[in-house]
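Residues per chain, in single letters:
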Amino acid sequence: MIQKGLLKKLAEVEASGLPFISVYLNAQPDEHGKDNFDAFLRKQLSEQADNFEEDSVELESFERDAERIREFIKDIRPSANGVAIFACAGADDFFQTIQFDVPFENNRFFVFDRPHLFPLARLMAQNPKYAVVLADTNSARILAFQRGRVLEKEEIENTKTNRTEVGGWSQMRYQRHIDNYHMHHAKEVIEELDKIVRDEDIKQIILAGNEEVVIPILRENLTKELEGKIVGTVRADIDEPEKELFEKVEQMIHEDNTLKDKEKIDNLFEQNYDEGLGVTGVEKTLEALANGQVQELYLSANFNDIEFSEKKVKKVLKAYAPGEDGEMPNVKEPREIADELVRRAIESADDIRFIEDGNLLEKVGGVGALLRYRMTANQNT
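Here the structure is a predicted model, which is why all the values come from computation and not from measurement.

### Some words on the packing of aromatic side chains
Right, on to step 1. On inspection of all chains with the given rule, the structure shows 12 aromatic pairs.
Right, on to step 2. Relative to Phe62, the ring of Phe52 lies with its centre 5.3 Å away and its plane at 40°, an arrangement referred to as tilted. On the criterion of sequence distance, the pair formed by Phe52 in the loop between helix 2 (38-49) and helix 3 (57-72) and Phe62 in helix 3 is long-range, its members being 10 residues apart.
Right, on to step 3. An aromatic cluster is built from Tyr24, Phe86, Phe100, Phe104, Phe110 and Phe112, whose rings are joined through pairwise contacts.
Right, on to step 4. Taking the ring centre of Phe303 as reference, the NZ or CZ of Arg335 above it sits at 4.1 Å.
Right, on to step 5. The ring of Phe269 has Lys363 sitting right over it, with the charged end atom 4.7 Å from the ring centre.

Right, dumping it as structure tokens:
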């Protein structure tokens, strides 16, 4: 599930006719420990300013933004690897910055009439939060990860039990006593996991520990909702360092996402018929978004895979924005059309999923959607 709070705020920005700057920076340090985006940003701010007439309101707005951006980058936190900046002084001094622990692939600078959303939506969607439950029979650590960074950590410690050799009925009673302790511990772990999953909006869970003893007890106590989020299990010691634990589970998360991508797109194509709940291509998807039909939007993660007919897209935009030609996205600028898909999905869809394997959506122009319902003839009239 994409994080919609920030995206919704940006998606709701109205075009003001003044230049709106969107900057994406890769803030990863080089081999010498230094950032390399300064020269790129200085060059872009200087070159883009030349596109506006001297003494114009557009240039005035741009220069105020440029100064504010220069001041902001002086205080970027050292741990940030990705930075996004959105600015338009002429639009009520709009200025929004976000710093990420994960990098944007490249430094990019855009000037449109509204925020450019595609790279931001993609970064958020491609870096989901997930939880790892590392447990033994009396202690546990629950960690919420996002691309190697621990977002949340909870530690649980219960009575430590040792199995001793006794005989007959005493052995059976003692065994039940130990099993009750383990079951109580497992229930406490699952209750805490449930809370973290809800608070952090976790969609994927990995169970870690002894696969013969602990993990079966945990599974036995999972709620149906939590069971549906389990990606897999890994063998790990309770004192496993976080870095090593992350390395063990990251590949499993990646494989699960890849598998889910294929399942989603296979289902999309199965539903892509006249009365089915699937549409493909920019034109049909944009129309479905405009009607509020889309449940999940699927976009190729590679922007260059998104292709469409300018004529057909312009027709759809005009049909759903009568009398607002001045505010319609420019069909000759593919990034504005990609943003229009994202913007409309933020307004009405449940999710936006960026598909890593470009081959999956290649034959339909990199875009498709699963629908909540199909429009009937009566609904269209």
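Picking up where we left off.
### Structural notes on the packing of helix 9 (residues 282-290) against helix 10 (residues 310-320)
Right, on to step 1. Put simply, helix 9 and helix 10 touch, their axes get as near as 9 Å, and they point 10° apart. The orientation of helix 9 relative to helix 10 falls into the category roughly parallel. Residues Val282, Glu283, Leu286, Glu287 and Ala290 of helix 9 form the contact with helix 10, whose participating residues are Lys312, Val313, Val316, Leu317 and Tyr320.
Right, on to step 2. Class assignment for the residues of the contact of helix 9 with helix 10 results in 7 nonpolar, no polar and 3 charged.

### Topic: the pattern of salt bridges
Right, on to step 1. Summed over all chains, the structure comprises 22 salt bridges.
Right, on to step 2. The shortest N-O distance in the salt bridge between Glu340 and Arg114 comes to 3.6 Å. Placement of Glu340 in helix 11 (residues 334-348) and of Arg114 in the loop between strand 4 (108-112) and helix 4 (118-125) is noted, with a sequence separation of 226 residues between them.
Right, on to step 3. Between Glu340 and Arg343 there is a salt bridge whose closest N-O contact spans 3.3 Å. Residue Glu340 and its partner Arg343 are both found in helix 11; the two are separated by 3 residues, about one turn of the helix.

### Describing unusual backbone geometry
Right, on to step 1. Despite not being glycine, Asp92 has its phi angle at roughly 55°, a positive value.
Right, on to step 2. Within the secondary structure layout, Asp92 lies in the loop between strand 2 (82-88) and strand 3 (94-100).
Right, on to step 3. Here Asp92 falls in the exposed class, since its relative accessible area comes to 77%.
Right, on to step 4. Despite not being glycine, Asp201 shows a phi value in the positive range, around 55°.
Right, on to step 5. With respect to the helices, strands and loops of the structure, Asp201 is situated in the loop between helix 5 (168-200) and strand 8 (204-209).
Right, on to step 6. For Asp201, a relative accessible area of 39% puts it in the partly exposed group.

Analysis parameters
- Residues numbered from 1 in each chain as written.
- Predicted model: local features only at pLDDT ≥ 70, side-chain atom pairs only at ≥ 80, totals over all residues.
- Heavy atoms only, no water.
- Phe/Tyr/Trp six-rings, centres within 6.5 Å; stacked < 30°, edge-to-face > 60°.
- Helix = DSSP H or I, 4+ residues; strand = E, 2+ residues; numbered from the N terminus.
- Lys NZ or Arg CZ within 6 Å of the ring centre and 35° of its normal.
- Axes fitted to C-alpha atoms, helices over the stretch in contact; angles between N-to-C directions.
- Parallel < 35°, antiparallel > 145°, perpendicular 65-115°, else oblique.
- Contact = heavy atoms within 4.5 Å.
- Nonpolar A, V, L, I, M, F, W, Y, C, P; charged D, E, K, R; others polar.
- Salt bridge = Lys/Arg side-chain N within 4 Å of Asp/Glu carboxyl O.
- Buried < 20%, exposed > 50% of the residue type's maximum accessible area, 1.4 Å probe, protein only.

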